[in-house]
Structures are given as structure tokens and as C-alpha cells.
Amino acid sequence: MRRSAGSSGRDAALVEAVLDALASPTVLLDPAGRVVLANSAWTDAGKERGAPILPGADYHALALQLRDDADARRLVRELRELSRGERTEVSVDRSVPDPAGSATSWFHVQASRVDQAGHVVVTHLDITARVRAERASAWRARHDSLTELPNRAHLHELIDAELQHDRCPAVAVLFLDVDGFKDVNDSLGHEVGDELLRQLAGRLLDSTRAQDTVGRLGGDEFVVLCRDCDAGGAEMLAHRCQATFEQPFDLGGRTHRLSASIGIAAVPAGDRAGVRSTDLVRDADLAMYAAKAAGRNRVRVFSPDLRYRVQRKVQLAAELRGAISDDQLLLHYQPVIDLTTGLVTGAEALVRWRHSERGVLPPCDFVPVAEQHDLIIPLTRWVLGETCRQAASWRDAGAPVVAGVNVSAVHLATGTLVDDVVTALQGAGLDARQLVVELTETSAAEDPARAAQQFRRLRELGVESSIDDFGRGFSSLSQLVAIPAGVLKIDKSLVAGADDPGSQSAAVVAAVVGLAEACGMRSLAEGVETAAQLQRVAGLGCRYAQGFHIARPMPGDEFLRWFRSRPEQGPPAG
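About the thresholds
Residues numbered from 1 in each chain as written. Predicted model: local features only at pLDDT ≥ 70, side-chain atom pairs only at ≥ 80, totals over all residues. Heavy atoms only, no water. Buried < 20%, exposed > 50% of the residue type's maximum accessible area, 1.4 Å probe, protein only. Helix = DSSP H or I, 4+ residues; strand = E, 2+ residues; numbered from the N terminus. Pairing = 2+ DSSP bridges. Axes fitted to C-alpha atoms, helices over the stretch in contact; angles between N-to-C directions. Contact = heavy atoms within 4.5 Å. Parallel < 35°, antiparallel > 145°, perpendicular 65-115°, else oblique. Nonpolar A, V, L, I, M, F, W, Y, C, P; charged D, E, K, R; others polar. Core = buried A, V, L, I, M, F, W, Y, C linked by side-chain atoms within 4.5 Å. Polar contact = N/O pair within 3.5 Å; in protein donor to acceptor, adjacent residues only side chain to side chain. Phe/Tyr/Trp six-rings, centres within 6.5 Å; stacked < 30°, edge-to-face > 60°. Left-handed = near helix turned anticlockwise from the far one by under 90°. Expected span 1.5 Å × (residues − 1). Salt bridge = Lys/Arg side-chain N within 4 Å of Asp/Glu carboxyl O.

Turning next to the pairing of strand E18 (residues 435–440). Within E18, five of the six residues are buried, which leaves the element mostly enclosed by the surrounding structure. In this structure, E18 lies alongside strand E19 (residues 464–470), joined through five bridges in parallel fashion. Note on E19: the bridge partner recorded for Thr440 is Asp468.

Rendered as C-alpha cells:
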């Protein structure tokens, strides 16, 4: 314990003993702010810093000398007010630089007035560990743990701060999505996918300017905040970011070439009226999806038309939800003939929508909307139920044709397809052998194992399955063989080119027919629009055919009349 020469007596000794018992560095100041007493913890701390503060020293001056900042000035001001009796206590957190400059310590400074003369006791509690833990926690809350880039919440904070900038400079946001990232994750595993994201984060940091901020929203989505940057500058920056993909990524000991789709949203200088970070990121996201829809590996700048199209889709989805429950949908059926007999053996159900304002809409106008807004399952259930009822009605009228219903990969993913088919069959009292479930080649290729499992269960129930639009996608032969389908429907793009017997399309159709036979499937030619095409696909060995040359899709009652008017005939001669 160190004290000034003037301190004496039993009271002083008692104060010395009390201060010395305190674990935290503590000093007693006179009304002028000079050190009267200092306990051992204070003396030891001063020795560690190489600058012991002895009794008689001016505490106020030393506090400002140590670091003259807002916290230090506040501490000195409040200590003087405390000494004069103008406040009851002082409580200030302040940072103290290490003499060597290697680190910073934090102390909670607590002071109380001990007598009417204005003496003050000041205690210094080391809170360095707590402050560092709090700062680390705050940093983690605002940064992505994988790439250490600003996360979604922090990005929005930074964008909003830039939008509120006094100078109102131009601001742009890039929204980048990696093309084919899911394939990397699925084929190589999530650890390799994580490594790709780390590498990409580094490349984007190297490609952007010093004033830009690169952040990760989540998944393979990155956002770049471009400060003082208009739409034209943002496009140049976006192409620089795309250029980073020209160098292959080294993943799992192998190199992989990838690309990115980038959307841009910009706010001109001085134009800030009501613009928020959520607006800017949303618009850039819309532009990114437009870039992806245009063929991937592209850059698109947001325009109001993109927002209108999205709003129109949302409105259409809401209307479709009501249409499913309000009996606004109808089915048309396109006949399928057996090319070996010429007889009508089946019909494919094609959904239509009687829209109150736009008239009868084809499926291409609303099925994609249904898939994007979680309506494809209720839509397909309606089609299954209605098709089974129609097929049962045809059967009772002497037309026992097999009805085909298209299902989506989304329906397969839910795992409810088999139960939904059974419900539709039982509800209509239809034999399972009079229903075919059709899945496009590309949908089957998304998850061939799941497709095979559910098609196998359907076959056990007696329901046949077919692979639709074969030849449009790029599924592997191993995937095709694994799926227990009974019919392989050849895409109309191949059929259209098969008129010339020496054409590549004709050769491909013949090969697909042979492939179907090898896999135990029957082949069906789609989109037959001319007599020559019908004759050609029959000659190439196709078992079934459908298309406008045979008949256009028609309502159920019209289909029955058409069926009854068709005389029995042998194989078509063209």
C-alpha cells in the first residue's frame, strides 16, 4: 500500500486496510483529483505496464494522457461532478491501450464519494474477457461462419446505411447465384460444396473494389454492395465477377468449371425516396432469376417490368387456388392409337383453365405458376380424380380406354403420389389397369431412385407408368433402366424430323424404339402431325402414337362421340 505523507491516524490506517483488501486496482482521490491512497493491486498493475502511478499524481491528467477519447473526458468530468456532490456515483467503461501496442484492455471504472470534503474512491474492474467475448459474439451474429463475409442481416444494415448517406451517391447491388451448385453438393458432398463457397468468397473479394462489400445471403447466393456505383458501373463489376469463374475450381482433387447468373439493381445518385435495402435486394434477386431463365451465366439489370411479371404470377397463383376449388378447370383428352391394330386404346388428360377474364388457358400458362406456388399437388389431385371419373364413365359407355395423367417431380418428392392415385381410383371405382401415370424424362432424372420406388409400388397395384418427352432431356441409360415404366413416349421434336428415312431423327427414333424394347417397354410417338410421320413411326417400330394428325385434344363427351364414330381398322397405311 502506498499513501501520501500527510495521511495518518487510525482512520487512515483503516481505509488503507480496506482498500488493500480489494482485488481490483483501487485509488482514493482528494477533491482536486490527486491520488491519496493506492492499493497493492493498483501498484502491481502499474508495474506490469511499466508506469506505476504514485500517490500525489494527478489522476485526471493521467486518465486523459493514457487515451484522450470521449470515454476518458466523460470519466474526468463525472469524477469532478462526483467530488463536488453533483452526482452520487460514476460508472464508465473505457479501453486502455497496451504499452507495446499489441492489445487493448477494457476496464469498468466505478467511483463513489466517501466524505463531505469530496474524497472519491475509484475502482477499476478488468472486463477485457467479457468485452472480447461480447464483441466476438456480435461479430459472429453479423457474419457468415463459413466464409466470414457479412451475413444477410448485416448486409441489409450496410445497404440501408448507404441509402441514408448524406451525399446520396449512386448505389448498386449485385445478386449472384452459382449455376449448378446443387449438382456439386449432390455429387461431391456438402464438404466439397462448402469449400467451393469459401473459394468463391475469396475470388469475389479479389474482383471487387476496396469500397465494395461482399456478403453471403445463404446457400450459393452472394450479394455485392457497390458504393458510389451506377447501373453501368455495376454491369462492368458483374462481368468482372463472372470472369472469376473462367478459372476452374479445384474441388476434391478434381477441377470443376462453373458459372454464375447475376442480377443488378441500382439507385441513381440523389434518388432515395422510400428505397430500402429489402427493395434493392429483392429487385436484384428478380433480375438474377431473369438472367438464369435466359440461359444462365448471364447478367441482367432490373427493370419495373420484371416486378410486374412477378406480381402478375402471384395474382395468377391466387386465382388458380380458387379455380381448383371452384370448378373452373376442365380436361381435354388426346387419343392414343395402337399402331399394330389402328384401334384407340388410350387418351392423355390435358388440363385447361376457364379463366373469367382471359378465356380458356392452356397448361403452359398456369402449370409453371402452380409449381412455383405450391399448387401443383392439389392441381394434380384434381386431375387424377376427374380423369378416373371420366375413364369410368367411358368404360360404362363401352369405351374402355386407358387414361394417362401427367405428374411432376414435385409430386414424387412429397411421397404422396401412390396414395393420391389409390384415392382417385377408389373414388371413381376405376380398375387400376385403366390408368397410366406419366412423368417427364427430366423429372424422372431429378431423383431416379424415388421415381423407381413409387413407380414400382404403382405397378404392384396394377397402375402402369410411362416416361414422357423422352429425347428432350439428358438422362442416363442407367437411370432409364432402373425405372420400372411400361411405356416410353418419344418426344415430338424427334418425331418431327423423322419424315426423311435417312435423317438423324429417324435413326434416333429407331434407336429409342430398340432401347424401349430392350428395357421391356413399349414405345409411343408423340406429336404426330402428318400422315408421313405416322407412317414413318409405324415403320420404325413404334407401338403407339398420338398427335394432331390423329386427333386434337377434346372434352370428354366429344371424345366418346369421336371414339364411337371411328370404324375398326387395321394398321395405318398413312
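On to the sheet that holds strand E8 (residues 213–218). As summarised here, the arrangement of the five strands in space is E8-E9-E7-E12-E13, forming an open sheet in which the pairing is mixed. A strand with exactly one partner marks an edge of an open sheet, and here the two such strands are E8 and strand E13 (299–301). The sheet shows a mean angle of 20 degrees between the axes of neighbouring strands, taken without regard to direction. Strand direction decides the pairing type here: strand E7 (residues 171–179) and strand E9 (residues 221–227), joined by seven bridges, are antiparallel. Its bridge partner being in E9, Asp177 is matched across the sheet by Glu221. Contacts from helix H8 (residues 190–207) reach E7, E8 and E9 within the one sheet, and its direction differs from that of E9 by about 15 degrees.

Moving on, we get to the packing of helix H6 (residues 152–163) against helix H10 (residues 277–293). Any two packed helices are characterised by the angle at which their axes cross and by the distance between the axes. The interhelical angle for the contact between H6 and H10, taken along N-to-C directions, is 110 degrees, at an axis separation of 8 Å. Classified by the interaxial angle, the pair formed by H6 and H10 is roughly perpendicular. Facing His156, Ile159, Asp160 and Leu163 of H6, the residues of H10 in contact are Ser277, Thr278, Leu280 and Val281. Grouping the constituent residues of the contact of H6 with H10 by class yields four nonpolar, three polar and one charged.

A word on the nonpolar core. Counting 81 residues, the largest nonpolar core has Leu320, Leu329, Val351, Leu379, Val421 and Phe559 as the members making the most contacts within it. Of all the elements, helix H13 (residues 376–396) adds the most residues to this core, at ten residues. When neighbours within four sequence positions are excluded, Leu329 is seen to be in contact with Leu320, Ala323, Ile324, Val351, Arg352, Trp353, Arg354, Leu379 and Trp382.

Let's shift gears to the side chain of Ser207. Secondary-structure assignment places Ser207 in helix H8. Here the side chain of Ser207 touches Arg203 through a polar contact of 2.8 Å, landing on its backbone oxygen. The contact partners of Ser207, leaving out residues within four places of it in the chain, are Leu237, Arg240, Cys241 and Thr244.

Now for the packing of aromatic side chains. Considering all chains together, one arrives at seven aromatic pairs under this definition. Residues Tyr333 and Trp394 carry aromatic rings whose centres are separated by 4.8 Å and whose planes lie at 75 degrees to one another, so their mutual orientation is edge-to-face. With Tyr333 in strand E14 (residues 329–338) and Trp394 in helix H13, this pair connects stretches of sequence that are 61 residues apart. The buried category is assigned to Tyr333, whose relative accessible area is 2%. Looking at Trp394, the relative accessible area reads 1%, which means it is buried.

A few words now on the packing of helix H15 (residues 417–428) against helix H17 (residues 448–461). Where H15 contacts H17, the two axes come as close as 9 Å, and the packing angle between them is 25 degrees. By the angle between their axes, H15 is roughly parallel relative to H17. Considering only the axes of H15 and H17, their crossing is right-handed. Of the residues in H17, those in contact with Leu417, Val418, Asp419, Val421 and Val422 of H15 are Gln454, Arg457, Leu458 and Leu461.

Next up on the list: the environment of Ser408. For Ser408, the position within the fold is in the loop between strand E17 (402–407) and helix H14 (409–414). Once the C-alpha coordinates of Ser408 and Ser443 are considered, the two residues, 35 residues apart in sequence, prove to be 6.5 Å apart.

A word on H6. An α-helical turn contains 3.6 residues, so a residue and the one three or four places further along point in the same direction. Between its first and last C-alpha, H6 extends 16 Å over twelve residues, near the 16 Å set by a 1.5 Å rise per residue. As for H6, its buried residues are in contact with helix H5 (128–142), E7, E8, E9, strand E12 (259–267) and H10.

Let us now look at the pattern of salt bridges. All told, the structure shown has 30 salt bridges when counted by the stated rule. For the salt bridge of Glu78 with Arg74, the shortest nitrogen-to-oxygen distance reads 3.0 Å. Of the two residues, Glu78 and Arg74 are both situated in helix H4 (residues 70–83); the distance of four residues between them amounts to about one turn of the helix. The salt bridge involving Glu386 is made with Arg389; its shortest N-O contact spans 2.9 Å. Of this pair, Glu386 and Arg389 both sit in helix H13, three residues apart, roughly one helical turn.

For the rest of this paragraph, the subject is H4. In this model, H4 (14 residues) spans 20 Å end to end at C-alpha, consistent with the 20 Å of a helix rising 1.5 Å per residue. The inward-facing, buried residues of H4 contact helix H3 (59–66), strand E4 (89–97), strand E5 (104–113) and strand E6 (120–126). Two residues or fewer past H4, Gly85 is found with a positive phi of approximately 80 degrees.

On to the pairing of strand E15 (residues 344–355), then. Most of E15 sits out of view: ten of its twelve residues are buried. In this sheet, E15 lies alongside E14 in antiparallel orientation, the contact comprising nine bridges. Following the sheet pairing, Pro335 is matched in E15 by Ala347. Where E14 folds back on E15, the antiparallel hairpin that results is connected by five residues, among which Gly342 adopts a positive phi of roughly 80 degrees. Both E15 and E17 contribute to a ladder of three bridges, which runs parallel. By the bridge assignment, Ala347 is partnered in E17 with Ala403. Relative to strand E16 (residues 359–361), E15 runs antiparallel, the two being bridged by three bridges. From the neighbouring strand, Trp353 faces E16, where its bridge partner is Leu361. The hairpin turn running from E15 into E16, its antiparallel successor, is three residues long.

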